[in-house]
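In case you want the letters, here they are:
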Amino acid sequence: MSWLSLSRPAVLLLALFAVCALAPLTAEKAEASSRIKDIVDVEGIRDNMLVGYGLVVGLNGTGDTLRNAPFTQQSLIGMLERLGVNTRGTTLKTANVAAVMVSANLPAFATQGTRIDVTVSALGDASNLQGGVLLVTPLMGADGEVYAVAQGPLATGGFAAVGEAASVTRGVPTNARIANGAIVERELDFRLADLRTLRLSLRNPDLTTAQRVAGAINTFLGANTAIADNPTTVQLNVPAGWRGGVVGLLTDIEQLRVQPDLAAKVVIDEASGVIVMGQDVRISKVAIAQGNLTISISESPQVSQPSPFSTQGNTVVVPRTNVDVNEEEGRQLGIIDGSISLAQLVDGLNALGVSPRDMITILQAIKASGALQAEIEVM
């Protein structure tokens with residue numbers, strides 16, 4: 001690495017790797033392999049989303065305002081009619097009822113009678129669900145069929161207290177959960193043991209990783225047992241000796257280890273200043289400098305008034321603006337010679353004390369120049 005001194009030093013030097021040039025390079029540590037279980041999903045083994053509409057009762061005056069939430073009033077009237085109470089044509093003024101949406105995840109292979117957790121969220125203008133009880137609520141899947149029924153007392157993670165002149169709210173009191181609050185009523189018809197072909201879906205699609213997964217399985221079971229169809233899917237043909245033992249087969253395959261491979265990527269969250277860089281990020285030869293230019297504008301208005309005993313003139317405010325431009329001096333332009341590794345990049349930036357905000361600008365500028373051999377993703 002060499003450094004080019006400028007006649008008029010350019011501003012804050014991004015000596016990205018001055019420290020690295022003084023220390024000998026060390027070999028990168030071998031990466032730990034991952035279990036196939038941790039990087040793939042088996043097609044068909046998945047959760048299913050359930051949703052339902054219901055009523056929460058027993059609130060202490062913190063429910064929906066019926067005149068502002070007509071759906072709550074209609075649901076309340078309909079529920080009372082089903083219970084033999086006729087309230088048609090009457091004015092309901094209760095504030096202890098709230099309309100809610102109930103959601104849950106139906107686990108794979110859940111059997112009838114299994115209990116699952118549910119989440120309850122206010123739909124109207126209820127201010128607090130604390131102390132409420134959810135009435136029987138059918139939970140439906142995307143096909144419109146009822147798969148579970150929910151009911152029970154709510155547990156909120158927040159609270160709200162209101163006084164005459166002040167109020168305090170912590171968390172979200174209009175959102176609650178019911179642990180084991182729903183009972184599964186319908187099972188999904190999926191027989192894993194009868195499958196002759198399995199499809200493994202990579203959570204992070206990559207051609208190299210898919211090929212490595214297929215290679216590890218073929219080494220364990222025999223050639224041509226697994227084939228990488230695309231960057232996402234590995235197709236596995238169940239061997240004849242494993243017929244009816246697919247669960248045992250998957251159990252053994254899940255423990256096999258492979259080395260995942262991902263494309264070089266830099267992920268930037270500009271809102272919080274977080275930067276995450278992959279291990280394969282490289283920077284080609286490039287010269288970089290980063291400057292701090294500060295412009296300060298201050299207003300110091302002055303009062304102008306006529307002389308004493310003068311018969312003419314008015315007292316006025318005269319604006320005074322001071323503009324100060326400060327450009328940091330004493331820095332140099334850095335030339336990065338060769339392909340720089342992630343370890344060198346991090347060590348150099350940390351040694352110089354470059355802030356995350358400056359790093360974001362630097363990385364984006366390097367990418368624009370074509371010297372950053374990685375993809376930048378801005379969140």
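Residues numbered from 1 in each chain as written. Predicted model: local features only at pLDDT ≥ 70, side-chain atom pairs only at ≥ 80, totals over all residues. Heavy atoms only, no water.

### Considerations on the overall build of the chain
Short version of the rule: Secondary structure is summarised from DSSP: a helix means a run of H or I of at least four residues, a strand means a run of E of at least two, and numbering begins at the N terminus for each. Summary of the burial criterion: residues with accessible area below 20% of their type's maximum are buried, those above 50% are exposed, and those between are partly exposed, where the area comes from a 1.4 Å probe applied to protein chains only. In this analysis, two residues are considered to be in contact whenever any of their non-hydrogen atoms come within 4.5 Å of each other. Shrake-Rupley sampling with a 1.4 Å probe provides the accessible areas, and residues are treated as covered by the protein chains on show and by no other component.
The helix and strand inventory of the chain stands at 6 helices and 25 strands. Counting across all 379 residues of the chain, residues that qualify as buried make up 31%. Nonlocal contacts in the chain, meaning residues at least 24 apart in sequence, comprise 72% of its contacts between residues at least 6 apart. In the form shown here, the chain has an accessible surface area of approximately 22200 Å², with 52% of it arising from carbon and sulfur atoms.

### What to know about the pairing of strand S4 (residues 48-57)
Note the threshold: Paired strands, in this sense, are two strands between which DSSP finds at least two bridges.
Pairing analysis gives 9 bridges linking S4 to strand S5 (residues 98-106), with the strands arranged antiparallel. Bridging across to S5, Gly54 finds its partner in Val100. Where S4 lies against strand S7 (residues 133-140), 3 bridges are found, and the strand directions are antiparallel. By the bridge assignment, Val56 is partnered in S7 with Leu134.

### As for the pattern of salt bridges
The criterion, for reference: Salt bridges, as used here, are contacts in which a Lys or Arg side-chain nitrogen is within 4 Å of a carboxyl oxygen on Asp or Glu.
Counted under the stated rule, the structure contains 7 salt bridges. The closest approach of N and O atoms between Arg186 and Glu145, which form a salt bridge, is 3.1 Å. With Arg186 in the loop between strand S12 (175-184) and strand S13 (197-202) and Glu145 in the loop between S7 and strand S8 (146-153), this pair connects stretches of sequence that are 41 residues apart. With relative accessibility at 35%, the residue Glu145 sits in the partly exposed group. A salt bridge links Arg191 to Asp194; the nearest nitrogen and oxygen atoms lie 2.7 Å apart. For Arg191, a relative accessible area of 55% corresponds to the exposed category. Judged by its relative accessible area of 44%, Asp194 falls in the partly exposed class.

### Notes on a nonpolar patch on the surface
Worth spelling out the cut-off: Here a patch means residues that are over 30% exposed by relative accessible area and free of salt bridges, tied together within 9 Å if like-charged and within 5 Å if nonpolar (Val, Leu, Ile, Met, Phe, Trp, Tyr).
On the surface, Val51, Tyr53, Phe71, Met101 and Leu123 cluster together into a nonpolar patch covering about 380 Å² of accessible area. Its place among the elements puts Phe71 in helix H2 (residues 70-82). Classification of Phe71 by relative accessible area gives partly exposed; the value is 32%.

### Quick word on the confidence of the model for the chain
What counts here: What pLDDT expresses is the predictor's confidence in each residue, scored from 0 to 100.
Confidence in the prediction of the chain, expressed as mean pLDDT, is 79, and 77% of residues score 70 or more. The low-confidence segment residues 1-30 (pLDDT under 50) makes 74 contacts with residues lying over four places distant or belonging to another chain.

### Section: the sheet that holds strand S3 (residues 40-42)
Hydrogen bonds between backbone groups are what pair the strands of a sheet, and the pairing can be parallel or antiparallel. The cut-off we apply is this: Axis definition: a line fitted to C-alpha atoms, over the contacting stretch in the case of helices. Angles run 0 to 180 degrees between N-to-C directions.
One open sheet accounts for 4 strands, arranged S3-S13-S15-S14; its pairing is antiparallel. The open sheet has two edge strands with one neighbour each: S3 and strand S14 (226-228). This sheet shows a mean twist of 25° between the axes of neighbouring strands, independent of strand direction. Judged from the 3 bridges that link them, S14 and strand S15 (residues 233-237) form a sheet pairing that is antiparallel. Looking at the pairing, Ile227 lines up with Gln235 of S15. Of the strands in this sheet, S13, S14 and S15 are in contact with helix H3 (residues 207-221), which crosses S14 at around 170°.

### Focus: the sheet that holds strand S18 (residues 274-277)
Taken together, the 3 strands give an open sheet; going across it, the order is S18-S17-S25, and neighbouring strands pair in mixed fashion. What marks the edges here is a single partner per strand, and that holds for S18 and strand S25 (375-378). Mean inter-strand twist for the sheet, computed between neighbouring axes without regard to direction, equals 15°. Across 4 bridges, the pairing between strand S17 (residues 265-269) and S18 is antiparallel. Looking across to S18, one finds that Ile268 is bridged to Ile275.

### As for the packing of aromatic side chains
Quick reminder of the rule: Each Phe, Tyr or Trp ring, with Trp reduced to its six-membered ring, pairs with another whose centre is within 6.5 Å; inter-plane angles below 30 degrees give stacked pairs, above 60 give edge-to-face pairs, and intermediate values give tilted ones. We call a charge positioned above a ring when the Lys NZ or Arg CZ atom is no farther than 6 Å from the ring centre and deviates by at most 35 degrees from the ring normal.
Overall, the coordinates contain 1 aromatic pair when judged by the stated rule. Their ring planes at 35° and their centres at 5.8 Å tell us that Phe109 and Phe190 sit as a pair that is tilted. Within this pair, whereas Phe109 is found in the loop between S5 and strand S6 (115-122), its partner Phe190 is found in the loop between S12 and S13, the two being separated by 81 residues in sequence. The ring of Tyr147 carries the charged tip of Arg186 above its face, separated from the ring centre by 5.7 Å.

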